[in-house]
Amino acid sequence: MADTLTNPMHVEVISPDGPIYRETGVEMVVARAADGEFAVMKNHLPLAAALEMCPVRIIKGKEQKVAVFGGFLEIKDNQVNIVAPLAELADTIDIARAQAAKKRAEDRLASKSKEIDVDRAKLALQRALTRLKTTGTL
């Protein structure tokens, strides 16, 4: 336990707007890369991984979730940096807005109209689902 005090794991989640999460003494970070979910703990070997759009779980006594929309995770010397083009803490996500975005995207995809940008609608749906999973409402 003393080792945790002398060399704790530090986690930062950074988006273009700046850091949205900074904490020292984190026990574990769970994220998802293209080849599946993985976890990093204190004294993990150096690693860099491209992240998928997913909820990232950060455990320090209790669990904090962060919606991460791509980006990458790097760990080296007990410093975990998550850099993402967009990241949102679970408690800052507007659930009603995410549910409305999910419904709009599903309606667009169901319409089968030639005027609909299917790829854009799929991404909008994936973003909404990620937000809802992060908040625990899905």
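Every chain is numbered independently, its residues counted from 1 as its sequence is written. Restriction of local features to residues with pLDDT of at least 70 applies here, the model being predicted, together with a cutoff of 80 or more for giving and counting side-chain atom pairs; totals for whole chains, interfaces and linings are based on all residues. Working from all heavy atoms in the structure, the side-chain values ignore hydrogens and water.

K.L.:
Would you mind showing me how to read the environment of Thr-92 here?
P.N.:
Here Thr-92 shows up in the loop between β10 (87-89) and α2 (95-111). Separated by 43 residues in sequence, Thr-92 and Thr-135 place their C-alpha atoms 9.2 Å apart. A 3.5 Å cut-off defines polar contacts: any pair of N or O atoms within that distance qualifies, except that in protein one atom must be a possible hydrogen donor and the other a possible acceptor, and neighbouring residues in sequence count only when both atoms are side-chain atoms. A polar atom in the side chain of Thr-92 sits 2.8 Å from the backbone oxygen of Leu-89. Secondary structure follows DSSP: runs of H or I at least 4 residues long count as helices, runs of E at least 2 residues long count as strands, and numbering of each begins at the N terminus.

K.L.:
Would you mind going over the pairing of strand β7 (residues 62-69) with me for this structure?
P.N.:
In regular strands, side chains alternate between the two faces of the sheet. We treat two strands as partners when DSSP finds at least two bridges between them. Examined bridge by bridge, strand β6 (residues 53-60) and β7 share 8 bridges and lie antiparallel to one another. Following the sheet pairing, Met-53 is matched in β7 by Phe-69. The antiparallel pairing of β6 with β7 creates a hairpin that spans 1 residue between the two strands, and Gly-61 there sits at a positive phi of about 75°. Both β7 and β10 contribute to a ladder of 3 bridges, which runs antiparallel.

K.L.:
Could you clarify how one ought to interpret the sheet that holds strand β8 (residues 72-76) in this entry?
P.N.:
Pairing between the strands of a sheet comes from backbone hydrogen bonds, and it takes one of two forms, parallel or antiparallel. Reading across the sheet, the 5 strands line up as β2-β1-β9-β8-β5 and stay open at both edges, with mixed pairing between neighbours. Every other strand in the sheet has two partners, leaving β2 (18-24) and β5 (47-50) as the edge strands with one partner each. The average undirected angle you get between the axes of adjacent strands in this sheet is 10°. With 5 bridges connecting them, strand β1 (residues 10-15) and strand β9 (residues 79-83) associate as parallel partners. Each bridged residue has a counterpart across the sheet, and for His-10 the counterpart in β9 is Gln-79. Axis lines are fitted to C-alpha atoms, over the contacting stretch for helices. Their N-to-C directions set the angle, which ranges from 0 to 180 degrees.

K.L.:
Mind showing me how you'd approach helix α3 (residues 118-135) here?
P.N.:
Structural remark: α-helix, 3.6 residues per turn; residues separated by three or four positions point the same way. Here a helix's expected span is defined as the number of its residues, less one, multiplied by 1.5 Å. For α3, spanning 18 residues, the distance from its first C-alpha to its last is 26 Å, which sits close to the expected 26 Å at 1.5 Å a residue. Turning to α3, its buried residues are Ala-121, Ala-124, Leu-125, Ala-128, Thr-130, Arg-131, Leu-132 and Thr-134. Contacts are residue-level and defined by heavy atoms, with any inter-residue pair within 4.5 Å sufficient. Next to the buried residues of α3 lie β6, β7, β10 and α2. At the N-terminal boundary of α3, the capping side chain belongs to Asp-117, with an oxygen 3.3 Å from the backbone nitrogen of Asp-119. Exposed residues in this analysis have more than 50% of their type's maximum accessible area, buried residues have under 20%, and partly exposed residues fall in between, with area computed by a 1.4 Å probe over protein chains only.

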